[in-house]
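# Examination of the molecular architecture
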Amino acid sequence: MIAKMNVVFVLGFVLVASAFATDLSANDCEIDVEECSPVYSSFLSRSGKTVENDLKQFTSQLVDKSFHFLIMSSAFNKHSLDRPGFEKLYRKISDKAWEDAIDMIKYQSRRGGFGHLVQPNKGENYGKVLDVQELSSLQFALDYEKTMAKEAHAIHRKISHAHSKAGNNGGDDVYHYDPDTAHYLDEKIIEYQSGVVRDLAGYIHNLKHFTSTKHAANDLGNHLFDEYLAKV
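Please read all numbers here as calculations on a predicted model, not as lab measurements. (Residues numbered from 1 in each chain as written. Predicted model: local features only at pLDDT ≥ 70, side-chain atom pairs only at ≥ 80, totals over all residues. Heavy atoms only, no water.)

## Looking at the nonpolar core
The biggest cluster of nonpolar side chains holds 39 residues, and the ones touching the most others in it are Tyr 90, Leu 138 and Leu 185. Of all the secondary structure elements, the ones that give two or more residues to this core are α3 (51-75), α4 (84-110), α5 (134-160), α6 (179-210) and α7 (218-231). Among the elements that make up this core, the one with the highest residue count is α6 (eleven residues). When residues no more than four places from it in sequence are discounted, the contact partners of Leu 138 are Phe 86, Leu 89, Tyr 90, Leu 200, Tyr 203, Ile 204, Leu 207 and Phe 225. (Core = buried A, V, L, I, M, F, W, Y, C linked by side-chain atoms within 4.5 Å. Buried < 20%, exposed > 50% of the residue type's maximum accessible area, 1.4 Å probe, protein only. Helix = DSSP H or I, 4+ residues; strand = E, 2+ residues; numbered from the N terminus. Contact = heavy atoms within 4.5 Å.)

Given below as structure tokens:
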């Protein structure tokens, strides 16, 4: 009986050891106290190609987005235009982007990273946000949201499935598979994005109907739609 228990113990130890062997950080803390950190899975450093760097880039894009829509909001709050509904819509989007950026920095810190901002990959043209045409501003907002959604989906796709072919033991998967980050993106970012994209698309089609060339009172249509946005 004792011999059988010893065999079970040894087999269990081997299985645990082999499981930790796929994560190169598993026993670092036992070797060096300086290596004790919450960093694991795809947050591990490997030639700079980690989900942490993707999140830094996305966080910086969120900050850019916040300023974009803040400028758009102020553009519709001028005395010569006075569209409180559009001002409210774009201010809400700006505030949400800012809150998401702060929350994402906190998440990176929780995972052992340092959520500082970086230069976004694509240079942004702030001149576009000064467009005070109601319909075209909504079109710009929709395209912006879709671009951000595609970025979030690209990160999610990278970390949602263990797809490495580097070795049979899947040791390389720790560098790109991270279900915790995938869940975070689902709950905090992606679910919101699908809702706001749908809302903006609906706004565009409704406003297009109110201000089409078939209607003589385009200004009245814009005014009524702005009143609607101010109430939702």
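## Notes on unusual backbone geometry
Negative phi is the rule for most residues except glycine; trans is the rule for most peptide bonds. Positive phi is not limited to glycine here, since Asp 82 has a value of about 55 degrees. Relative to the helices and strands, Asp 82 is located in the loop between α3 and α4.

## Remarks on the layout of surface pockets
Its boundaries defined by the atoms lining it, the second largest pocket holds a volume of some 260 Å³. Along the walls of the second largest pocket sit 14 residues, with Leu 89, Lys 92, Val 196, Asp 199 and Tyr 203 positioned nearest its centre. Mapped by element, the contributors of at least two residues to the lining of the second largest pocket are α4 and α6. Considered class by class, the residues forming the lining of the second largest pocket number eight nonpolar, two polar and four charged. (1 Å grid on protein atoms, 1.4 Å probe; cavity = no way out; pocket = protein on both sides within 12 Å on 5 of 7 lines; lining within 4 Å. Points joined across faces, edges and corners; volume = space filled by probe spheres on them. Nonpolar A, V, L, I, M, F, W, Y, C, P; charged D, E, K, R; others polar.)

## Focus on α3
An α-helix turns once per 3.6 residues; consequently, residues spaced three or four apart project the same way. Here α3 is 25 residues long and its end C-alpha atoms lie 36 Å apart, about the 36 Å a rise of 1.5 Å per residue gives. Burial analysis of α3 places 20 of its 25 residues in the buried class, the great majority of the element. (Expected span 1.5 Å × (residues − 1).)

## Quick word on the confidence of the model for the chain
Residues with a pLDDT of 70 or more make up 72% of the chain, whose mean pLDDT is 79. Of all helices and strands in the chain, the one with the weakest mean pLDDT is helix α1 (residues 2-21) (41), whereas α4 scores best (95). In the predicted structure, residues 4-22 sits below a pLDDT of 50 and forms four contacts with residues beyond four places in sequence or in another chain. A low-confidence stretch, residues 166-170 stays under pLDDT 50, and its non-local contacts, those more than four residues away or across chains, total two contacts. (pLDDT = per-residue confidence, 0-100.)

## Some remarks on empty space enclosed by the protein
If a probe as big as a water molecule is rolled over the atoms, it shows which places are left empty. What the rule picks out here adds up to one cavity of 30 Å³ or more. Size it by volume and the largest cavity reaches roughly 40 Å³. Taken together, Leu 62, Lys 65, Asp 100, Met 148, Ile 189, Tyr 192 and Gln 193 make up the lining of the largest cavity. At the level of elements, α3 and α6 are the ones that each hand at least two residues to the lining of the largest cavity. Per-class residue counts for the lining of the largest cavity are four nonpolar, one polar and two charged.

## Structural notes on the packing of aromatic side chains
Applying the stated criterion to the full structure yields twelve aromatic pairs. Ring centres of Phe 86 and Phe 225 lie 6.3 Å apart, and the angle between their planes is 50 degrees; on these two criteria the pair is classed as tilted. Residue Phe 86 is found in helix α4, and its partner Phe 225 is found in helix α7; the two are separated by 139 residues along the sequence. A residue is classified by how much of its surface remains accessible, and Phe 86, at 0% relative accessible area, is buried. Seen from their ring centres, Tyr 107 and Tyr 184 are 4.3 Å apart, and the 15 degrees between their planes marks the pair as stacked. In this pair, Tyr 107 is assigned in helix α4 and Tyr 184 in helix α6, connecting sequence segments 77 residues apart. This pair shows no difference in class: Tyr 107 is buried, exactly as Tyr 184 is. (Phe/Tyr/Trp six-rings, centres within 6.5 Å; stacked < 30°, edge-to-face > 60°.)

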